[in-house]
Amino acid sequence: MKSWTLRIATIVAVVLGGVIEATAQTGETTRVHRASDPATGAEVRVSQSPAGSIVMEIAAPGVTVTKRASNGTVTTVVRVAKDELTIEASRSAIIVSSGGRKVEATAARLERLGEAQALIARSPAARQAAELLGRISFGQFSPLTLAILSTRNMLLGTAEATAARGELGARIEGMATEPRLMRVSAQQERVQEDAQNSQGTGSSPTDCWNKYVKEALLAWAEYEDCMKNSGFFGDLACALLYDMRAIGAFTWWMKCVAIS
Amino acid sequence: MGALILLVQIVVSLVVTALSLPALLGTVPALRDQPAGLLVMGVVLAVTFVGIRLVWPRRKT
């Protein structure tokens, strides 16, 4: 019995160690920016691959929008549950895929552009993603806001898109004509968040979970980044920092849901 | 003594869960939703606790 339990424990330890080691080593892209929107719980990550492609991922509960720009092609993928919408735009063509249908509009077949737009408008994933992107805000002067608004504009139907285009244009004009110094929204959000966290109570279990996930993901991302450029002792320091942050986050979550 | 050992086993299980959960959430985005995440948290906690109970050295009578 004892030898079996020892074997099982060894196998579990080796598998867990392998999984953690493998996941820490696989990240080839460099994370450029990461921000969270408290209003929606969405997290925006911007990363760059060694080949030069830039990926912006907006992840909220139930909705994921990924935008990849590489080699003159911008690919937007929207996932809502099992529904997926893909829009691939390049200089020569726009290809829209949704629900098993694929429409390709090129300069030679320009009449298919309306069909492609109709396919986007019919997609439930596009509708939900546009609704989410409309609620996300990182402040008027954040580059993320412009990227999010332009993505939303692309996902909206014809009539709404015209109105959204106006809104986007007004924002860009505002940015150009009103340069001024101001405290960035990220700091303001952080202050509000810290105030809520210090209070501890008053949050629903869902709020507690969302905040815990946010902190856990930051801890994991920090660990991955730390492991990329460190030697043996650096690895130990990375692991120690990760342990402290992960245990701290878990303890906070237990306190938040009043288990402790 | 038995109660103390049980308490230590529970604490160790919680620590293991706390350390493995960020890695799981970071690698499997589907677990970031509350129901799936809590389910996995419970499973990790239970499996770890059972594992620790099994490998915990026992005094021979």
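Residues numbered from 1 in each chain as written. Chains lettered and ligands numbered in written order. Predicted model: local features only at pLDDT ≥ 70, side-chain atom pairs only at ≥ 80, totals over all residues.

**Details of the pairing of strand S8 (residues 101-106) of chain A**
All names here are of chain A. Stated formally: Strand pairing is defined by DSSP finding a minimum of two bridges between the two strands. Secondary structure is summarised from DSSP: a helix means a run of H or I of at least four residues, a strand means a run of E of at least two, and numbering begins at the N terminus for each.
The pairing of strand S7 (residues 93-98) with S8 spans six bridges and is antiparallel. Across the sheet, residue Ser97 finds its bridge partner in S8, namely Lys102. Counting the residues between successive antiparallel strands, the hairpin from S7 to S8 contains two residues, one of them, Gly99, with a positive phi of roughly 55°.

**Let's talk about helix H4 (residues 143-155) of chain A**
The criterion, for reference: Multiply 1.5 Å by the residue count of a helix minus one, and that product is the helix's expected span. Each residue is classed by its C-beta neighbour count within 10 Å, where at least 20 other C-beta atoms makes it buried, 12 or fewer makes it exposed, and intermediate counts make it partly exposed; the C-beta atoms are placed from backbone geometry.
Taking 1.5 Å of rise per residue, the 13 residues of H4(A) would be expected to cover 18 Å, and the 19 Å separating its terminal C-alpha atoms lies within 8% of that figure. Taken as a whole, H4(A) has its buried residues at A:Leu144, A:Ile148, A:Leu149, A:Thr151, A:Arg152, A:Met154 and A:Leu155.

**Describing the interface of chain B and chain A**
Stated formally: With C-beta atoms placed from the backbone, a contact is any residue pair whose C-beta atoms sit within 7 Å.
Contacts between the two partners involve 17 residues from chain B and, on the opposite side, 20 residues from chain A. Elements with a contribution of two residues or more to the side of chain B that touches chain A: helix H1 (2-27) and helix H2 (34-55) of chain B. It is H1(B) that contributes the most residues to the side of chain B that touches chain A, nine residues altogether.

**As for the environment of A:Ala147**
Residue and element names in this part refer to chain A. On the secondary structure map, Ala147 appears in helix H4. Given 17 C-beta atoms within 10 Å, Ala147 falls into the partly exposed group. Through-space distance from the C-alpha of Ala147 to that of Met56 is 9.0 Å; in sequence the pair is 91 residues apart.

**Things to note about the packing of helix H3 (residues 124-135) of chain A against H4(A)**
Residues and elements named next belong to chain A. Applied cut-off: Each axis is a line fitted through C-alpha atoms, and for a helix only the stretch in contact is used; angles between axes span 0 to 180 degrees, taken between their N-to-C directions. Each angle gets one of four labels, with under 35 degrees taken as roughly parallel, over 145 as roughly antiparallel, 65 to 115 as roughly perpendicular, and the rest as oblique. Note on convention: the crossing is left-handed when the near helix lies turned anticlockwise from the far helix by less than a right angle, right-handed when the turn is clockwise. In this count, Pro and Cys sit with the nonpolar residues alongside Ala, Val, Leu, Ile, Met, Phe, Trp and Tyr, while Asp, Glu, Lys and Arg are called charged and the others, Gly among them, polar.
Contact geometry for H3 and H4: axes closest at 9 Å, N-to-C directions at 150°. With respect to H4, the element H3 is oriented roughly antiparallel. The hand of the H3/H4 crossing is left-handed. Contacts between H3 and H4 pair Ala126, Ala129, Ala130, Leu133 and Gly134 from the former with Ile148, Thr151, Arg152 and Leu155 from the latter. Grouping the amino acids of the contact of H3 with H4 by side-chain chemistry returns six nonpolar, two polar and one charged.

**What about unusual backbone geometry?**
Residue and element names in this part refer to chain A. Phi is positive for Asn71, which is not a glycine, with a value near 50°. Locating Asn71 in the fold gives a position in the loop between strand S4 (63-70) and strand S5 (73-80). We classify Asn71 as exposed; it has 8 C-beta atoms within 10 Å. Although it is not a glycine, Ala81 adopts a positive phi angle of roughly 50°. Relative to the helices and strands, Ala81 resides in the loop between S5 and strand S6 (83-89).

**What about the nonpolar core?**
Residue and element names in this part refer to chain A. Basically, it comes down to this: Think of a nonpolar core as buried Ala, Val, Leu, Ile, Met, Phe, Trp, Tyr and Cys residues chained together by C-beta atoms that fall within 7 Å.
Core analysis: the biggest nonpolar cluster contains 27 residues, and Val78, Ile120, Ala126, Ala129 and Leu155 have the highest contact counts within it. When residues of this core are traced back to their parent elements, those giving at least two are strand S2 (42-48), strand S3 (54-60), S6, helix H2 (112-122), H3 and H4. In terms of residues, this core owes the most to one element, H3, which gives six residues. Among all residues touching Ala129, those that are not within four sequence positions of it are Val63, Val65, Val78, Val80 and Leu155. Membership of the second largest hydrophobic core comes to 21 residues, among which are Trp209, Trp220, Tyr242 and Cys256.

**Observations concerning H1(B)**
Given 3.6 residues to a turn, an α-helix orients residues that are three or four positions apart in the same direction. Residues and elements named next belong to chain B. Cut-off, in case you're wondering: Here the bend at each residue means the angle between axes fitted to two seven-residue stretches, the one ending at that residue and the one beginning there.
The terminal C-alpha atoms of H1 lie 37 Å apart, and with 26 residues this matches the ideal 38 Å at 1.5 Å per residue to within 8%. Where H1 bends most, at Ser20, the angle is about 25°, and the proline Pro22 comes one to four residues later. All of the buried residues along H1 are Ser13, Thr17, Ala18, Leu21, Pro22, Ala23, Leu24, Leu25 and Gly26.

**Here we look at the sheet that holds S4(A)**
Residue and element names in this part refer to chain A. Spatial ordering of the open sheet is given by S1-S2-S3-S4-S5-S6-S7-S8, a layout of eight strands whose pairing is antiparallel. Here the strands that pair on one side only, and so sit at the sheet edges, are strand S1 (30-37) and S8. Shown here is a sheet whose adjacent strand axes are inclined to one another by a mean of 10°, direction ignored. Lying over the sheet, H3 contacts S2, S3, S4, S5 and S6, oriented at roughly 95° with respect to S5. Against the sheet, H4 engages S1, S2, S3, S4, S5 and S6, with an angle of about 75° to S5.

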